[in-house]
Amino acid sequence: MKKFYSLFTFFVLILALECFAEEKKPARFHAELDFHHNLGLRERCDWWTLKRDEYKMRGNALHLVLLYHINSRISAGAGIGIDGYKEPVYNTFPVFGTVRYRPLKKFLDPYLYTNLGYGLGKNEHANIPGWMWDAGIGYTKMFRRYFGLNCQFGYNFKDFSNVVSAINDKGDFYDRRMHMIRHSLSFGVGLVF
């Protein structure tokens, strides 16, 4: 019986030490899979401007991001994605770099982020190339070392180059290359691995 109590006390002490021990260091590398909804605010072209009250501009994006945590407050990484916009319709495949900064020393879940990259495309079937830039705030809640949830809210900028369009000019249709800039608000939710 004494052996049982000694063994039981030993396991209770080990369990207590594990519960009150300092948390293990977070992982240096993480991958994120994020889904974003973009609410279009305004789009400017060479000769017209589309506004939210006239067109229901919107879009969705799916991004895969690989992050390296330089220290507890700064992370950097790279990502790829599939972005689709409606009213008017554009698709793009962005490749981008990302930087995240956690301004609060004691509370590391919220962060500021920025993404900068280029959308790959061929100007065929609304597959348009162009620059992209995102900036905003985010919040990550890690439940395990390699599992958590991520939420983001920010500004989305897309610069579509060489958009080919058919324009009706007195009944004639012809192709013209345009330069378009789109401004959107972005809401994102994702998984962290």
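> Describe the pairing of strand S4 (residues 74-86), and please don't skip the residues or the numbers.
Bridge count for strand S3 (residues 58-69) against S4 is 12 bridges, and the pairing is antiparallel. Bridging from a neighbouring strand, Leu-67 pairs with Gly-77 of S4. Turn length for the S3-S4 hairpin, with the two strands adjacent in sequence and antiparallel, is four residues. If you look at the hairpin formed by S4 and strand S5 (residues 90-101), you'll find three residues sitting between the two strands, and Glu-87 has a positive phi there, around 60°.

> Now, about the packing of aromatic side chains: what can you tell me, with residues and values included?
Overall, the coordinates contain nine aromatic pairs when judged by the stated rule. Seen from their ring centres, Tyr-90 and Phe-160 are 4.4 Å apart, and the 25° between their planes marks the pair as stacked. Of this pair, Tyr-90 sits in strand S5 while Phe-160 sits in strand S8 (residues 147-169), placing them 70 residues apart in sequence. Ring plane angle 65° and centroid distance 5.7 Å describe the contact between Trp-133 and Tyr-155, whose orientation is recorded as edge-to-face. Here Trp-133, found in strand S7 (residues 130-144), pairs with Tyr-155, found in strand S8; they are 22 residues apart in sequence, far enough to count as distant. Judged by its relative accessible area of 35%, Trp-133 is partly exposed. Residue class for Tyr-155 comes out partly exposed when judged on its relative accessible area of 26%.

> Outline the environment of Val-65, supporting the account with residue identities and numerical values.
Examined against the element boundaries, Val-65 turns out to sit in strand S3. Linking Val-65 and Phe-96, residues 31 residues apart in sequence, is a C-alpha distance of 8.9 Å. Dropping the residues within four chain positions of it, Val-65 is found in contact with His-30, Ala-31, Glu-32, Ala-78, Gly-79, Phe-96 and Thr-98.

> Describe the confidence of the model for the chain, and please don't skip the residues or the numbers.
When the pLDDT values of the chain are averaged, the result is 83; 76% of them are 70 or greater. Looking over the chain, one finds the lowest element-wise mean pLDDT in helix H1 (residues 2-20), namely 49, and the highest in S3, namely 96. Taken together, the stretch residues 11-22 has pLDDT below 50 and engages in zero contacts with residues farther than four places along the chain or on a different chain.

Reading the values: rules and limits
- Residues numbered from 1 in each chain as written.
- Predicted model: local features only at pLDDT ≥ 70, side-chain atom pairs only at ≥ 80, totals over all residues.
- Heavy atoms only, no water.
- Pairing = 2+ DSSP bridges.
- Helix = DSSP H or I, 4+ residues; strand = E, 2+ residues; numbered from the N terminus.
- Phe/Tyr/Trp six-rings, centres within 6.5 Å; stacked < 30°, edge-to-face > 60°.
- Buried < 20%, exposed > 50% of the residue type's maximum accessible area, 1.4 Å probe, protein only.
- Contact = heavy atoms within 4.5 Å.
- pLDDT = per-residue confidence, 0-100.

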